[in-house]
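# Survey of secondary and tertiary structure
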Amino acid sequence: MASVSVDEAMRRAIEIAARGLGTTSPNPVVGCVLLDADGQVVGEGFHAYAGGPHAEIVALAQAGQRAKGGTAVVTLEPCDHTGRTGPCSTALVQAGVARVVIAVPDPNPLATGGAATLRSAGVRVDLGVRRDEAETGNIAWLTSMRRGWPYVIWKYAATLDGRSAAQDGTSMWITSEAARMDVHALRGTVDAVLAGVGTVLADDPRLTARNLRDGSLAIRQPLRVVVDSSGRTPADAQVRDGAARTWIATAAEVGAGPDGRVDLSALLAALHQRGIRAVLLEGGPRLAGAFLAAGLVDKIVGYVAPRLLGAGPTALVDAGVSTIAEAIDLELVDVTQIGPDLRITALPRKREG
């Protein structure tokens, strides 16, 4: 078997780490590849679910005695604390690993310190290999840990002229089944799906992750969050159907902003306390505008259908922009055709000052 480079091993570790997206929260996604002393792959693993074995432990179990004198290539600094599992730094030392290559330092103050423990035991530690790629693959967890509130993705569907519904209010379906299936896959990667009470009253969505081909529910369901300042969500709304956990977030519970509505920053902080690291903001246009105006959106995923309506509600309302100079500039990071539709992924650029 041919040996592989540390760079190649890190690329593989990043790839397998992604298999844990949507199932590890409140923990990060992590991948690990173990090379023996000759540079051959003898073990690999990823963190599959919270409370389960970490990536390093899975890889060490595969490698057995072949880990001794080898190199562990891992996407995130090995943890140095005992929680539901033991410290990975100690496990690597006990296995006799000679070198550990880390892409990203751990920003969690409860778990950091693995690199120092390894070095104190005589293990060579290298940091920063493919750091940008590893950061991108773990961006929601890293962002939430660094600032104390979840990573927010605004998802919307619209026609080419920006309409989210026709003039008579009908909106089923603006985009294709392929695009809707893609949305359900996206829901499966986040910890919470968030919508405003206006959307609940108008459309009565379920906000669950499903397989559209047979209607079956995904095994893991994100928390459903309804932003409902005054508690108007009907008792028989589908978001209360028991298919997934639901939180009706009211101003009385979360706190109110100057306008009397739910304070969005307080809402995100409360979600972080509940272990939510990634939120999918799905509706409606006024709530999305409020999040954007407050600078609380980290990523935008838009599904644009090749259709024109010419009238009807728009996908976004009042994002705090009154002149072209105040426009929210975006960085396009991906444009992919999904069936007949386009999926456009963009990141809001930070404003100066």
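What you see is a predicted model; the values in this text were computed from it and never measured.

### Some words on the packing of aromatic side chains
- Going through the model one piece at a time under the given rule, you end up with 1 aromatic pair.
- Positioned over the ring face of W247 is R274, at 3.8 Å from the centre of the ring.

### As for the sheet that holds strand β5 (residues 124-127)
- Spatially, 5 strands are ordered β2-β1-β3-β4-β5 in an open sheet, and the strand pairing comes out mixed. Of all strands in the sheet, those with a lone pairing partner are β2 (41-46) and β5, marking the two edges. Strand-to-strand twist in this sheet, taken as the mean axis angle between neighbours without regard to direction, amounts to 15 degrees.
- Set on the sheet, helix α2 (residues 55-63) makes contact with β1 (31-35), β2 and β3 (71-76); between it and β2 the angle comes to about 150 degrees.

### A few points about the nonpolar core
- Within the largest apolar cluster, 35 residues are counted, with the highest numbers of intra-cluster contacts made by L34, V97 and V100.
- For this core, the elements supplying multiple residues, two or more each, are α1 (6-17), β1, α2, β3, α3 (88-94), β4 (99-104), α4 (114-120) and α6 (139-147).
- Apart from residues no more than four positions distant in its own chain, L34 is found in contact with Q40, V41, V42, G43, A59, L60, A63, A67, T71, A72 and V97.

### Quick look at a nonpolar patch on the surface
- A cluster of nonpolar side chains, namely L332, V335 and L342, defines an oily patch on the protein surface of about 270 Å² accessible area.
- Turning to its location among the elements, V335 is positioned in strand β12 (residues 330-338).

### Points about the UniProt feature "domain: CMP/dCMP-type deaminase" (unreviewed entry) in the chain
- Under the local residue numbering, the UniProt record ascribes the feature "domain: CMP/dCMP-type deaminase" (unreviewed entry) to residues 4-126.
- Secondary structure across residues 4-126 comprises 28% helix and 21% strand; the distance between its end C-alpha atoms is 17 Å.

Reading the values: the criteria
- Residues numbered from 1 in each chain as written.
- Predicted model: local features only at pLDDT ≥ 70, side-chain atom pairs only at ≥ 80, totals over all residues.
- Heavy atoms only, no water.
- Phe/Tyr/Trp six-rings, centres within 6.5 Å; stacked < 30°, edge-to-face > 60°.
- Lys NZ or Arg CZ within 6 Å of the ring centre and 35° of its normal.
- Pairing = 2+ DSSP bridges.
- Helix = DSSP H or I, 4+ residues; strand = E, 2+ residues; numbered from the N terminus.
- Axes fitted to C-alpha atoms, helices over the stretch in contact; angles between N-to-C directions.
- Contact = heavy atoms within 4.5 Å.
- Core = buried A, V, L, I, M, F, W, Y, C linked by side-chain atoms within 4.5 Å.
- Buried < 20%, exposed > 50% of the residue type's maximum accessible area, 1.4 Å probe, protein only.
- Patch = residues over 30% accessible without salt bridge, like charges linked within 9 Å, V, L, I, M, F, W, Y side chains within 5 Å.
- Areas by Shrake-Rupley, 256 points an atom, 1.4 Å probe, with all protein chains shown as cover.
- Salt bridge = Lys/Arg side-chain N within 4 Å of Asp/Glu carboxyl O.
- UniProt positions renumbered as here; feature names shortened; annotations may be inferred.

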